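If you want the building blocks of each chain, they are given just below.
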Amino acid sequence: MLMQRLSRTARAWSFLALSLFLGAGCDSDAETAEAETRASGAMAGDPLAAIPPEELYGASPLDNLWTPRYELEVVDLPEGWSGKRVAVLSDFQLGLWDQNEAVATAAVERAVSAQPDLIVLLGDFVAQGNDMTALQRVLAPLRGRGALAVLGDRDIRSDSIEAQIAATLQTAGIRLLSNNSVPIVLGDDTAYVAGADPDLVGEPGADQEWVLLNAGPPGRTPILLTHNAGLAPRAPEGQYPVILAGNAFCGDIEVAGSPRLSWLRENVFPGSTVEGVENLFIVDRNTVMVSCGVGYGFVPLRFGAAPEVPIVTLVRRGGVAPIVGDSAGVQGAIPDSLIERYQGSPDSAAAPSVAAN
């Protein structure tokens, strides 16, 4: 109980500080009175109890939900897989903020309505608490759709919670991958999708490389799912042409305590960012797409990083893709011809096109 009170107090003061910061430039009596009202509310308790989130923070998360689209060229992709679309859901963060369930529900509905050929989920389903009822409600529309999932680090904070989340996914008909792969038939052609266990990130580098080498059949596994993009440099060169990862907020202003996309760019994939698309990387002939996720953290703010449901289209490509980067850093510049920048609205069919092996 004490920790809950301290947590609520800390959040209240965070909201207060943000409100005062955003209102620093106000010079009218009305704006000053409003700031004082917010301050008194924070002193008394949770300011969100009296102030609608959309009024304090601008547009609601549901209004901000969008669908970025990517087109990734894959060398020797099975013919039946070419043109197939994958919807990506990541980081529901249920339990951290009350409206995360509504945002996650809308994201799942957005994924289903896009009618993709495959839906994948990248972990951090329940970030706090052990109540699975919200997750059950969010996942209900995915029943019977053959979705695949991996767990995130927050999902394995205890053996009990991990087991409950795994059981909830299974009940919803979602196949959980853990350092293994499953055959998927698309367009009458069979290929594999592999998934990494979140525990793997804490293992020695050699063990990570060995596990990823054996997680999916070489030459037959076009997609690797992982919650943590930091595992991507350990994947064998070209074995997983498309690596889908989560665990990152992608805003220009980082939220304290949240994973940082800028850290990935600077420390994990230096020089390997695809020009014009800050969350796409090419490392050892593997293309890594990092989803900005769906849920909000302890502070319900995502400056410049709206909740998203990426749609990835796979396109068959002949020939051999160039090596443009590796785990030690970039080896060569990314040719301009490999990327087409977004055209039109975020939900338009236009998408960046990236060559992958």
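Reading the values: rules and limits
Within every chain, residues take consecutive numbers counted from 1 along the sequence as written. Only residues with pLDDT of at least 70 are given local features in this predicted model, and only at 80 or more are side-chain atom pairs given and counted; all residues enter the totals for whole chains, interfaces and linings. Only heavy atoms go into the side-chain values, all of them from the structure, while hydrogens and water stay out. By the convention used here, strands pair only if DSSP detects at least 2 bridges between them. Strands here are runs of E lasting at least two residues and helices are runs of H or I lasting at least four, both read from the DSSP assignment and numbered beginning at the N terminus. Working convention: axes come from line fits to C-alpha atoms, limited for helices to the stretch in contact. Angles between N-to-C directions cover 0 to 180 degrees. Residue contacts are defined here by distance: any two heavy atoms, one from each residue, within 4.5 Å place the two residues in contact. N or O atoms within 3.5 Å of each other form a polar contact, as long as, within protein, one can give a hydrogen and the other can take it, and as long as residues adjacent in sequence are counted only when both atoms are side-chain atoms. pLDDT: the predictor's confidence for each residue, scored from 0 to 100. The cut-offs for exposure are 20% and 50% of the maximum accessible area for each residue type, with area from a 1.4 Å probe on protein chains only; residues under the lower value are buried, those over the upper are exposed, and the others partly exposed. Note that the arc is computed from the directions linking the helix axis to the C-beta atoms.

### Some details on the sheet that holds strand E9 (residues 242–246)
Reading across the sheet, the six strands line up as E6-E7-E8-E9-E11-E10 and stay open at both edges, with mixed pairing between neighbours. One side of each edge strand has no neighbouring strand; the edge strands of this open sheet are strand E6 (180–186) and strand E10 (280–283). Across the sheet, the axes of successive neighbouring strands diverge by a mean angle of 25 degrees, strand direction being ignored. Note that strand E8 (residues 223–228) and E9 share five bridges and pair parallel. Paired with Leu225 across the two strands is Leu244, which belongs to E9.

### Notes on the environment of His227
Within the element layout of this structure, His227 appears in strand E8. Measuring from C-alpha to C-alpha, the distance between His227 and Gly152 comes to 5.3 Å, with 75 residues separating the pair along the chain. His227 has contacts with Asp91, Leu122, Gly123, Asp124, Val150, Leu151, Gly152, Asp153, Ala245, Gly246 and Asn247, leaving out every residue within four places of it along the chain. Within the structure, the side chain of His227 is placed 3.0 Å from the side chain of Asp153, a separation counted as a polar contact.

### Re the confidence of the model for the protein chain
Residues at a pLDDT of 70 or more form 67% of the protein chain, whose mean pLDDT is 77. Every residue in residues 1–48 scores below 50 in pLDDT, and together they form 32 contacts with partners more than four places removed in sequence or on other chains. Within the model, pLDDT remains below 50 along residues 320–350, and this stretch shows 71 contacts once partners closer than five positions in the same chain are excluded.

### A short note on the side chain of Thr67
Along the chain, Thr67 falls in the loop between helix H4 (61–64) and strand E1 (69–75). At 2.9 Å, the side chain of Thr67 and the side chain of Arg110 are in polar contact.

### Remarks on helix H8 (residues 205–215)
Listing the buried residues of H8 in full gives Gly205, Gln208, Val211, Leu212 and Ala215. Projection of H8 onto a plane perpendicular to its axis shows the buried side chains occupying an angular sector of 125 degrees, all on one side. Residues of H8 that are exposed and angled more than 90 degrees away from the buried face: Ala206 and Trp210. Along its buried surface, H8 packs onto E6, strand E7 (189–195) and E8.

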